[in-house]
Protein chains: 2
Amino acid sequence: MIRALLTSIALFCIPMLLSANDGYKLWLQYYPIENPQAWQENVLKQVSIDGNNETITIIKNELEVASQGFFSTKPLFVKENPSLLIALREQLPSSLSQSASKDLGTEGYHIYSKNGQTVITANSKFGLLYGTFRLLQEIQKQEIISETGIVEIPKVKHRVLNHWDNLNRTVERGYSGFSIWNWHRLPRHIDQQYLDYARANASLGINGTSVTNVNANALVLTPYYLEKVQALADAFRPYGIKLYITARFSSPMEIGGLETADPLNKEVQDWWKDKTKEIYEYIPDFGGFLVKADSEGQPGPHNYGRTQAEGANMLADAVKPFGGIVMWRAFVYSEKTPDDRHKQAYNEFVPLDGKFRDNVIVQVKNGAIDFQPREPFHPLFGAMPKTPLMMEFQITQEYLGHDTHLAFLAPMYEEVLKQDTYINGKGSEVAKVIDGSLHDYSFTGMAGVANIGTDRNWTGHHFHQANWYAYGKLAWNPWGNSGEIAEDWIKLTFTNQKEFVDPIKKMMLNSHEMVVNYMTPLGIHHIMARSHHYGPGPWVTGGERSDWTSTYYHNASESGMGFDRTQTGSNALEQYSTQLQEEWGDLNSIPNKYLLWFHHLPWDYQMNSGNILWDEIAFHYQKGVNEARENVKIWKDLQKHVDRFRFEHVLSFLEIQAEEAEWWRDAVLLYFGQYSGLPLPEGVEAPKHDLEYYMNIEHKFVPGI
Amino acid sequence: MIRALLTSIALFCIPMLLSANDGYKLWLQYYPIENPQAWQENVLKQVSIDGNNETITIIKNELEVASQGFFSTKPLFVKENPSLLIALREQLPSSLSQSASKDLGTEGYHIYSKNGQTVITANSKFGLLYGTFRLLQEIQKQEIISETGIVEIPKVKHRVLNHWDNLNRTVERGYSGFSIWNWHRLPRHIDQQYLDYARANASLGINGTSVTNVNANALVLTPYYLEKVQALADAFRPYGIKLYITARFSSPMEIGGLETADPLNKEVQDWWKDKTKEIYEYIPDFGGFLVKADSEGQPGPHNYGRTQAEGANMLADAVKPFGGIVMWRAFVYSEKTPDDRHKQAYNEFVPLDGKFRDNVIVQVKNGAIDFQPREPFHPLFGAMPKTPLMMEFQITQEYLGHDTHLAFLAPMYEEVLKQDTYINGKGSEVAKVIDGSLHDYSFTGMAGVANIGTDRNWTGHHFHQANWYAYGKLAWNPWGNSGEIAEDWIKLTFTNQKEFVDPIKKMMLNSHEMVVNYMTPLGIHHIMARSHHYGPGPWVTGGERSDWTSTYYHNASESGMGFDRTQTGSNALEQYSTQLQEEWGDLNSIPNKYLLWFHHLPWDYQMNSGNILWDEIAFHYQKGVNEARENVKIWKDLQKHVDRFRFEHVLSFLEIQAEEAEWWRDAVLLYFGQYSGLPLPEGVEAPKHDLEYYMNIEHKFVPGI
């Protein structure tokens, strides 16, 4: 199956310029602007900015780098008559102030034109930094700043990246090399990449990062590592980024010498209080703890018969005096619980609503299973009115084909965020839980599991940079639009040329659905290969725990397939609002995309399309393959718009994706075909090999585990 | 001990240009030449080169990249009246040919001026490629090509890099990140870095590479991996680089289903023959096998009571029909052998002289122990007149401070190569074994254990690029001069400015001796920390095997220290020529640098310097510390000559080195001081902590193991 695509190798054998674009600059390319409008050339000529701190220096430097890139000139920093004035609102002369700037909060900014000058104002230096990045993006996109201008205030308070990076620099579910954190050289060597990382995040408004795996190692809490963590926090601080640490629940035993980690034990509580105090001595603005407990082998309060709230509150009490928070993950499930895994987090957490300290936020994955190509939103959203909930999206593509599969994830994020929960009636979208407006939380957050590694372009696939970017944009504004995000990213990363932007935007916006088509259409889920989740594995069954198998989820037999989560089955559906129970419980109204998520159906079930289920499944797989092949053509046609390095790199990955889409289609249809006993419908290509062939494919050393 | 050097962190918090130099371009910077001489500008203007193959395309591209960098112009490729003619000797018009080109062999080249034209000629496309790189280096250095010109013919046939890279991308003894070979993406994605790697090697004349660890995994011989290896071989081929594979001796059992790997077993022999045939189907010009056997847990012929020759010959017979070779490592020793580890390889191999097939070359480390900061040359050199021996140098700094310690290794390599073995009388230098002239070998080779990883600058420390470079230059010509190599590298990598070149050259040339001073002066050896070898560990004793401890090597007690390898001790000395036995056996004539390697001496032993041994040891450690500190100053003074990225990166590492030199001095002197019972002499700083403190330092997740 895994045969070399020799065409791509041949292309690569043409030697290339070392100075070509390796993608390291991300969406901050600052490429030359051809035929700039006068205002663009002028606005960066004379800049006034006051203040003497590292963030101001960063702003100045950014203006220099950008101006150099756009126009091959450097800005002059002046005191009088600037073309661009960057100033805190309190410093702004009244002749230049605007009433629209009055409610910017601590991180918002306002960019506008007045009296022939361009103004960036904010209430904090970080607001100015965000505004500066935004102005530069507008210039690159050749947009004009109007008199009304741009007012931007983040709708979410904690916008955090979660790195699942281990101390040995492997990255759990990481597909772009290894961890960029070189713990061995820290704290003494601060690599330039750490600053470039902080800069890239600041350009999106990301304001927090947790640098170690949620499957945590207690060592990170020892002085040996705290010194290193401190050095990172120091490097990130001028960019407005707070550092969080993943806390292993059993740390008091592992590094504290205690015999228990019971959260109600006084010694344990004191240990955490002392440890927290120690951390704040290293990092005075330490953000707080991120915790995965009682899940997939991680220790937690369950070990002592305590609740998740009791566990979280112990840590919350420790960080409270210092202004810290606890992000407590809701990803709690156990193979010992006989109930549908889908229902377990809800069952565990809903009874605890209102029992968490006010500096705890519960971090909930977008869906109830685990970052599937498509999942209905997690039923916890809307179900805990007295407990702040934050969204956890996975940016890295654990179940989405890993490094080589282009899947622009903004449409997936948007689908979840804009889904109506109907909890308080129509208009109770998930985004309103996240921005706090539905239940009047002032404490809000969003987490993204990072896709960043040592690859020269940070994210493996050049297009996966767009997922980091999109996550940042949606964390700032969960109501953001995927199309706009894609278009901006393309323009900032490649070119403004319409002949390139339009087809690539279309390709990106369709790419997630394409992956769903060739992997898990119509609500099928969790049929990836065991453990590493690379490639198809619908045959995965048996072993350590049933909720880690494919057969648990697809329930295929001669009678049909799908997971019955209605009343006749696990009734996970009852965890949603009555409106959704009705819509999704009824075969006439449930969207096709969730069909087999909630229903077990016979192979000859008649779809609205007129096809029977089996044929509909097969058509979706074929469609995904066709789309993946088409992307190769689209990309090749656009060669002249892209530098050679990035063109070849992306082409090679798109070719792999097209090949692997076939692998998915063939393996899955052969497997389910055993049960359906039906032939492939016309228009669906015959598999290249037999089922045994696909079942025997064994990949070695798959990255990310 | 490991305290943050806050000054360097503060410096780093100044944000920097993303477009700045990250070192990826190595010594192929092709930076602008200010005030070029007319010939320089002219020579690249009109180039004639014939032929239509990938190597010719690579040459053309190199000329373009260089010309763009030097002069911001592109060369014109012409048929008539070129300023630069690049042509095979057989294609050269007689008016332009020179008799000096007549013996260039298959890889040599001749560059010269004639009739106002510059000519590069060779007998092969690879000779032309090497010549092109050389011409471009001369231009960057602003050297003029004379009428006589430059005739270069490699003195060694197989110039090979050995990567100790595992299939999971960790690198044994690698300190610059992880393996650049992304096996998971191979064969379908050929990363640009693979081509840039091949190009960099070709620019030095390296013509072979073994991409996997000598502690080998048999999986690399399975079709799943052979496809991947093939893709690398295809990528390297146009650069004149052959691919070798490390063969695990027990592969017939592990992947072949046999019950033995006995080299005299017919089935085993046939398995290897079949496997080899299969490999050649993937890679028609496959170089052959590199084998570590019967050493440090690796399987080998000893498991079956067979000799190293019997093991090697079996593989040699398998590759012979295809023109392949076997590089069989002499690094064979066992803790079960009661004799001094120093003597074991000699004892094992000398009796086998003449018993190896003619396509076997025995690969011998430069010294008999293991890549110590300084070792006397390996006594095998000169001792096997009927068996070709190749040199194995370690480029990666396993025992030399790892990533952060600047140690330019050319002087160390040169010291070994120019050492006289006296085997055939005076003038029997080790280099004559390596270039084949001493024993009339036509089969010659040199291997370097690579220091390359995923770090953006390839080698971690920017200055460690110079070790890759120096290895390549000495593999081409073992008689090369460290000073010239350093000077060229500095000019190609940084600048031609004398104010920079002179002090940096001095710093580089002294750096290896500096490291010896603060780590293991006066013949002290193998006193690094256990297992990872990072930092001092003179107290390491006990455990799995005594020949992996420090006490085995230093033998410190109240009576003195040192390893008695004279007649009164292990008599390893008898493995050297009688001249060296006399010179090194006599305390009056042995150079100080080897003193404690061969002699056990009392602490108050009177040195030629007038100092007693203890004081002399202490002064060496202090000297090393002083030199490391001085390097920080030298570098800071040269800031204006270096771009900001590389300046800060190197500064940070030099500061770490100065700090760790103190760590070495304090830990080692405290430890030996227990036995000497003597105070530190005046001029040697008191340790900052007590011995217990240093003994309790425990580093976690040290890279490279």
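Within each chain, residues carry numbers counting from 1 in the order of the written sequence. Whichever chain is written first is A, and whichever ligand is written first is 1; the rest continue in order. Given that this is a predicted model, residues contribute local features only at a pLDDT of at least 70 and side-chain atom pairs are listed and counted only at 80 or more, while totals for whole chains, interfaces and linings are drawn from all residues. As a convention, hydrogens and water are excluded, and side-chain values are obtained from all of the structure's heavy atoms.

Peer 1: Teacher, can you tell me more about the domain arrangement of chain A here?
Peer 2: Accessible area lost upon the coming together of the parts serves often as the stated size of an interface. All names here are of chain A. Note that the domain bounds reflect an automated or database-derived domain assignment. Annotation of chain A at the domain level lists domain 1 (22-152), domain 2 (158-479) and domain 3 (517-563 + 600-695). Measuring from the centre of the C-alpha atoms in domain 2 to the corresponding centre in domain 3 gives 31 Å. Contacts are assigned to residue pairs with any non-hydrogen atoms lying within 4.5 Å of each other. Listed as interface residues are 25 residues of domain 2 and, on the opposing side, 25 residues of domain 3. Joining two parts hides part of their accessible area as seen by a 1.4 Å probe, and the buried area is that hidden amount summed over both. Of the roughly 2,200 Å² buried where domain 2 meets domain 3, counting both sides, 59% is carbon and sulfur surface. We define a salt bridge as a side-chain nitrogen of Lys or Arg found within 4 Å of a carboxyl oxygen belonging to Asp or Glu. Our count for the contact surface shared by domain 2 and domain 3 stands at one salt bridge. Arg545 serves as the salt-bridge partner of Glu335, at 3.2 Å between the closest nitrogen and oxygen. A 3.5 Å cut-off defines polar contacts: any pair of N or O atoms within that distance qualifies, except that in protein one atom must be a possible hydrogen donor and the other a possible acceptor, and neighbouring residues in sequence count only when both atoms are side-chain atoms. At the boundary of domain 2 with domain 3, the tally comes to 12 residue pairs in polar contact (both at pLDDT 80 or more). Of the residues in the side of domain 2 that touches domain 3, the class split is seven nonpolar, 10 polar and eight charged. Lys, Arg, Asp and Glu make up the charged group, whereas Ala, Val, Leu, Ile, Met, Phe, Trp, Tyr, Cys and Pro make up the nonpolar group; the residues left over, Gly among them, are polar.

Peer 1: How do you make sense of the confidence of the model for chain A when you look at a structure like this?
Peer 2: Where the model shows low pLDDT, its predicted coordinates should not be examined in detail. Residue and element names in this part refer to chain A. With 97% of its residues at a pLDDT of 70 or more, chain A shows a mean pLDDT of 95. Think of pLDDT as the predictor's per-residue confidence, scored from 0 to 100. Note that pLDDT drops below 50 for residues 1-19; the model gives that stretch 60 contacts with residues more than four away or on any other chain. Among the prediction metrics, the complex's ipTM stands at 0.95, with pTM recorded as 0.96.

Peer 1: How do you make sense of the packing of aromatic side chains when you look at a structure like this?
Peer 2: For any two aromatic rings, the description comes down to two numbers: the centre-to-centre distance and the angle of the planes. Two rings belonging to Phe, Tyr or Trp (six-membered ring only in the last case) form a pair when the distance between their centres is within 6.5 Å. Interplanar angles under 30 degrees mark stacking, angles over 60 mark edge-to-face geometry, and anything in between is tilted. Scanning all chains against the criterion turns up 97 aromatic pairs over all chains. Ring geometry for Tyr552 of chain B versus Tyr553 of chain B: centroids 4.6 Å apart, planes at 75°, classification edge-to-face. Only lysine NZ and arginine CZ atoms are considered, and such an atom sits over a ring when it is within 6 Å of the ring centre and within 35 degrees of the ring normal. Here Lys228 of chain A stacks its cationic end above the ring of Tyr224 of chain A, 4.6 Å away from the centre of that ring. In this structure, Lys60 of chain B is placed above the aromatic ring of Phe77 of chain B, and the distance from its NZ or CZ to the ring centre is 5.4 Å.

Peer 1: Sorry if this is basic, but what is going on with the pairing of strand β10 (residues 288-291) of chain A here?
Peer 2: In summary, the side chains of a regular strand alternate between the two faces of the sheet. Residues and elements named next belong to chain A. Here the rule is simple: two strands pair whenever DSSP picks up at least two bridges between them. A run of DSSP states H or I qualifies as a helix once it reaches four residues; a run of E qualifies as a strand once it reaches two. Both are numbered from the N-terminal end. Bridge count for strand β9 (residues 242-246) against β10 is three bridges, and the pairing is parallel. Following the sheet pairing, Thr246 is matched in β10 by Leu290. Judged from the four bridges that link them, β10 and strand β11 (residues 325-329) form a sheet pairing that is parallel. Bridge pairing links Gly288 to Ile325 in β11. The crossover handedness rule: strands pointing away from the viewer, path from first strand over the helix to second strand clockwise, crossover right-handed. As a crossover connection, the stretch from β10 through helix α9 (residues 308-319) into β11 is right-handed.

Peer 1: Got a minute to help me understand the pattern of salt bridges in this structure?
Peer 2: Working definition: two side chains of opposite charge can pair if their charged atoms are close together. All names here are of chain A. Under the criterion given, the structure shown has 97 salt bridges over all chains. Close ionic contact of Arg545 with Asp547 constitutes a salt bridge, the shortest N to O distance being 2.9 Å. Of the two residues examined, Arg545 and Asp547, each falls in the buried class. Only protein chains enter the accessibility calculation, which uses a 1.4 Å probe; a residue whose area is less than 20% of its type maximum is buried, one above 50% is exposed, and one in between is partly exposed.

Peer 1: Got a minute to help me understand the relation of the copies chain A and chain B in this structure?
Peer 2: Related by rotation about an axis and a shift along that axis, the two copies of the chain form a pair. Least-squares superposition of the copies uses the C-alpha atoms of those residues scoring a pLDDT of at least 70 in each of them. Mapping chain A onto chain B is achieved by rotating through 180° and translating by 0.0 Å along the same axis, at an RMSD of 0.0 Å. Such a combination of turn and shift is consistent with a two-fold rotation axis. A share of 100% of the interface residues of chain A reappears at the interface of chain B, consistent with the copies meeting face to face through the same patch.

Peer 1: Help me out: how do you make sense of the environment of Leu290 of chain A in this one?
Peer 2: Residues and elements named next belong to chain A. On the secondary structure map, Leu290 appears in strand β10. Spatially, the C-alpha atoms of Leu290 and Ser559 are 44 Å apart, while their sequence positions differ by 269 residues. What Leu290 contacts, discounting residues up to four positions off in sequence, is Asn162, Ser210, Val214, Ile245, Thr246, Ala247, Met327, Arg329 and Gln363.

Peer 1: Help me understand empty space enclosed by the protein, please; the structure alone is not making it clear to me.
Peer 2: A water-sized probe rolled over the atoms picks out the places where empty space is left. Of the grid points, spaced at 1 Å and generated over the protein atoms alone, those admitting a 1.4 Å probe that cannot get out make up cavities, while open sets with protein on both sides within 12 Å along at least five of seven lines make up pockets; any residue with an atom within 4 Å of a point is treated as lining. Grid points are joined across faces, edges and corners, and a volume is the space filled by probe spheres set on the points. Enumeration according to the criterion identifies 15 cavities of 30 Å³ or more in this entry. Counted as a void, the largest cavity has a volume near 350 Å³. Forming the boundary of the largest cavity are 24 residues, of which Arg456 and His649 of chain A together with Asp191, Gln192 and Gln193 of chain B lie nearest the centre. Of all the elements in the fold, those that place two or more residues in the lining of the largest cavity are α20 (644-676) of chain A together with α5 (192-202) of chain B. In terms of residues, the lining of the largest cavity owes the most to one element, α20 of chain A, which gives four residues. Class assignment of the residues belonging to the lining of the largest cavity gives a composition of six nonpolar, 10 polar and eight charged.

Peer 1: I keep staring at the interface of chain A and chain B and nothing clicks. Help me out?
Peer 2: Opposite the 69 residues of chain A that make contact, chain B presents 69 residues. When the two sides are added together, the surface that chain A and chain B hide from each other amounts to roughly 6,400 Å², 59% of it contributed by carbon and sulfur. Inspection of the chain A/chain B interface yields 10 salt bridges. Note that Arg188 of chain A and Glu660 of chain B form a salt bridge whose closest N and O atoms lie 2.6 Å from each other. When residues of the side of chain A that touches chain B are traced back to their parent elements, those giving at least two are α1 (6-12), α3 (54-71), α5 (192-204), α6 (223-236) and α20 of chain A. The leading source of residues in the side of chain A that touches chain B is α20 of chain A, at eight residues. Per-class residue counts for the side of chain A that touches chain B are 33 nonpolar, 16 polar and 20 charged.

Peer 1: Explanation requested: the environment of Gly354 of chain A in the structure shown.
Peer 2: Residue and element names in this part refer to chain A. Position of Gly354 relative to the elements: it lies in the loop between α10 (341-349) and β12 (360-365). Residue Gly354 is classed as partly exposed on the basis of its relative accessible area of 44%. With 84 residues separating them along the chain, Gly354 and Asp270 place their C-alpha atoms 24 Å apart. Leaving out residues up to four positions away in the same chain, Gly354 has contacts with Lys386 and Thr387.

Peer 1: So what exactly am I meant to see when it comes to the sheet that holds strand β3 (residues 84-88) of chain A here?
Peer 2: Backbone-to-backbone hydrogen bonds pair the strands of a sheet. The strands run either parallel or antiparallel. All names here are of chain A. The strand order across the open sheet built from six strands is β2-β1-β3-β5-β4-β6, with neighbouring strands paired in mixed fashion. Single-partner strands in this sheet number two, and they are β2 (76-77) and β6 (150-152). Relative to strand β5 (residues 117-122), strand β4 (residues 109-114) runs antiparallel, the two being bridged by six bridges. Paired with His110 across the two strands is Thr121, which belongs to β5.

Peer 1: Help me out: how do you make sense of α5 of chain A in this one?
Peer 2: Given 3.6 residues per turn, any residue in an α-helix points the same way as the ones three and four places further on. Multiply 1.5 Å by the residue count of a helix minus one, and that product is the helix's expected span. The end-to-end C-alpha distance of α5 of chain A is 19 Å, a good match for the 18 Å that 13 residues give at a rise of 1.5 Å each. Trailing α5 of chain A by a residue or two, Gly205 of chain A shows a phi angle of about 90°, which is positive.

Peer 1: What exactly am I supposed to notice about helix α14 (residues 482-493) of chain A here?
Peer 2: Residue and element names in this part refer to chain A. Here α14 contains 12 residues, and its C-alpha end-to-end distance of 16 Å stays within 8% of the 16 Å for a straight helix at 1.5 Å per residue. Within α14, the full set of buried residues consists of Ser482, Gly483, Ile485, Ala486, Trp489, Ile490, Lys491, Leu492 and Thr493. Against the buried residues of α14 lie α4 (125-140), α11 (410-417), α13 (465-476), α15 (498-519) and α20.

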